[in-house]
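# Topology and contacts: notes
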Amino acid sequence: MSTHSHTDSAPLYDVIGLGFGPANVAIAGAIVDKWAAAETSTSHAPLQQVLFIEKQPEFRWHPGMLLPNSRMQISFLKDLATLRSPQSPITFLAYLHSQDRLLNFINRGSFTPTRKEYSDYLAWAADFVQKRGVQVRYGEEVVAVTRLEDGTVEVRSRNVETGEEFSRRSKNLILSPGGTPKLPPALSVIAPHPRVIHSAYYLSAVEEFFASIPQSSEPLRIAVIGAGQSSTEVLLDLHSRLSSLPVSGGRKHELDMIFRKGSLKPSDDTPFSNEIFDPASTDMWYNLPSKRDRQAVLREYNPTNYSVVNMRTIDSLYEVMYHQKLLDGIKARTGREEESDRARIQLRPYTSIFAAEIVPGTTGGEAVRLTLHGIHNRTVSQQTYDAVFCGTGYDRDSWMRLLASSNLADHFGIKSSAIELVPNSEPIDQGTVPLFADVEDAGVLSPVSSRSTDGFSTPPTPATPQSQHSKLNGETQQSKVRISRSYRLLSPRASTDGPRVYLQGCTQSTHGLSESLLSILGVRAGMVVDELCEA
């Protein structure tokens, strides 16, 4: 087995976390609570040296989608700590109290904060744990991890601005990679391009797009790809912006929403369905006897999270489109046209993108020509757009490439960057008949991806539009790697030597739908920190 010697100059930490989004902020909060408990007892404070490495220059959570008045889709009680410890100083209620807004929030009469407020809460919590002794290095990108001879792991990172490299050692590693913006395969071929924009970068990119358009009265044509919450919110925001942009000759700006389904589907946020995000449901999911059983449950609960839109947003969009019909009727009867009637939304259901290319634009600069395929009627058409905005989710596999390129791969039995996580209780070579085999074989359940396709989970929003895009070709054969209920990767070797490696936010296939979401951050963080402190 290949190992590397370490230099004495590399600092040694009890824990190094890769990434400092909500998942690892929750971890840091649980550690700070352990420190506070040790101060009031005779016990020794655990995990004294803790560091998190984050690529972004400061704490950010979905800066590209902090649209005005956009709301969270979960209760404020599902915050970083309440379900783990309501007395924690980093609960949402503690944040409100510290900002002198607790009574105002109560009077507001809603369990769901705005996305802007929740983002500010997360940034407040990140600052809070730093002031309590948690170390965070912003603006550094992790480039490699290496298992050393003494059982620690070396983490090498690089300053994204200066290129300076750093080497640190740790007894334990927590990987919280977040998500990488994902584009449809046809569009990934021409990306990155300033006219092809993922919703992760929406707010900054849309300002740049409109600033780049020449001051003229020519109508714009814009496509929005996807049928989930992000796509719908982007569509409504674009409609508002275009409605204030003058256009000549009675023409209209055009907004096409392109998606594969027949209609926008509402998210299922009913009480019984929401129980799938409870910690007890994670236990159930993890202990199912086979991969097929877990996939069957995932398919059943898809409407709670994947490619769905909350009813408030659906109602808002339908109201806009109904108002379009009203204005058309008034114009047809009276000949009068409202000055603000400048943009038109058209839904293109049952439509897939076959190809994309960059062509000269009519308003200056370049445009995107899409070849569209009708899923049911098999029609093929070409449409040219001044910009294409994609609310098409995120990939969560960057941790796989990091470990596959490390000598930790041998320790965990990783033979390729395509990794399939397997619960520790499940045999690697299964002969078990799935519990849901009869349902699946009957064709009741359709295939589903284990990757996040929409919604607001815990992905970072990189500062530049450079991203890893969906692969056109299949991966090599998957390596099966065991993972414990407490999110720790397990080695197939009998030896227990070596660093402990934990995953956060990328274990949906074994731990369930809540893994990439905010629902169980506090409980999950408590489980991981408790295990680290017991060692």
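To continue, consider the overall build of the protein. A tally of regular secondary structure across the protein gives 16 helices and 22 strands. When the 535 residues of the protein are sorted by exposure, 54% land in the buried category. Of the contacts formed within the protein by residues at least 6 apart in sequence, a portion of 77% connects residues at least 24 apart.

This brings us to helix α7 (residues 229-243). Taking 1.5 Å per residue as the helical rise, α7 with its 15 residues ought to reach 21 Å, and the 21 Å between its terminal C-alpha atoms agrees with that figure. Across the 15 residues of α7, 13 count as buried, placing the element largely inside the fold.

At their nearest, the axes of helix α1 (residues 22-39) and helix α4 (residues 115-131) sit 10 Å apart, and the two run at 40 degrees to each other. Considering the angle they form, α1 stands oblique to α4. Where α1 crosses over α4, the two elements pack in a sense that is left-handed. Two secondary-structure elements touch here, α1 through P22, V25, A28, G29 and V32 and α4 through L122, A125, A126 and V129. In terms of residue class, the contact of α1 with α4 is built from eight nonpolar, one polar and no charged.

Let us now look at the sheet that holds strand β14 (residues 351-360). Strand order in the open sheet formed by three strands is β14-β15-β16, with antiparallel pairing between adjacent strands. Only two strands of the sheet have a single neighbouring strand rather than two, namely β14 and β16 (380-385). Between one strand axis and the next, the sheet turns by 25 degrees as a mean value, whatever way the strands run. Sheet topology note: the β14/strand β15 (residues 366-374) ladder contains nine bridges and is antiparallel. What sits directly across from V359, in β15, is A367.

What follows deals with the sheet that holds strand β19 (residues 419-423). Ordered by their spatial adjacency, three strands build an open sheet running β19-β20-β21, and the pairing between neighbours is mixed. Looking at strand neighbours, the two that pair on one side only are β19 and β21 (489-490), the edges of this open sheet.

A few words on the packing of aromatic side chains. Counting across every chain of the model gives 18 aromatic pairs. Measuring from centroid to centroid gives 5.7 Å for W124 and F128, while their planes differ by 35 degrees, and the two rings are tilted. Of the two residues, W124 and F128 both sit in helix α4, four residues apart, roughly one turn of that helix. There is no split in this pair, since W124 and F128 are both buried. Taken together, the ring pairs in this structure connect W61, F76, F92, Y95, F105, F111, Y118, Y121, W124 and F128 into an aromatic cluster. The aromatic ring of F128 is capped on one face by R132, whose charged end is 3.9 Å from the ring centroid. Of note, R524 hangs over the ring of Y487, and the distance from its end group to the ring centre comes to 6.0 Å.

Scoring rules and cut-offs
Residues numbered from 1 in each chain as written. Predicted model: local features only at pLDDT ≥ 70, side-chain atom pairs only at ≥ 80, totals over all residues. Heavy atoms only, no water. Helix = DSSP H or I, 4+ residues; strand = E, 2+ residues; numbered from the N terminus. Buried < 20%, exposed > 50% of the residue type's maximum accessible area, 1.4 Å probe, protein only. Contact = heavy atoms within 4.5 Å. Expected span 1.5 Å × (residues − 1). Axes fitted to C-alpha atoms, helices over the stretch in contact; angles between N-to-C directions. Parallel < 35°, antiparallel > 145°, perpendicular 65-115°, else oblique. Left-handed = near helix turned anticlockwise from the far one by under 90°. Nonpolar A, V, L, I, M, F, W, Y, C, P; charged D, E, K, R; others polar. Pairing = 2+ DSSP bridges. Phe/Tyr/Trp six-rings, centres within 6.5 Å; stacked < 30°, edge-to-face > 60°. Lys NZ or Arg CZ within 6 Å of the ring centre and 35° of its normal.

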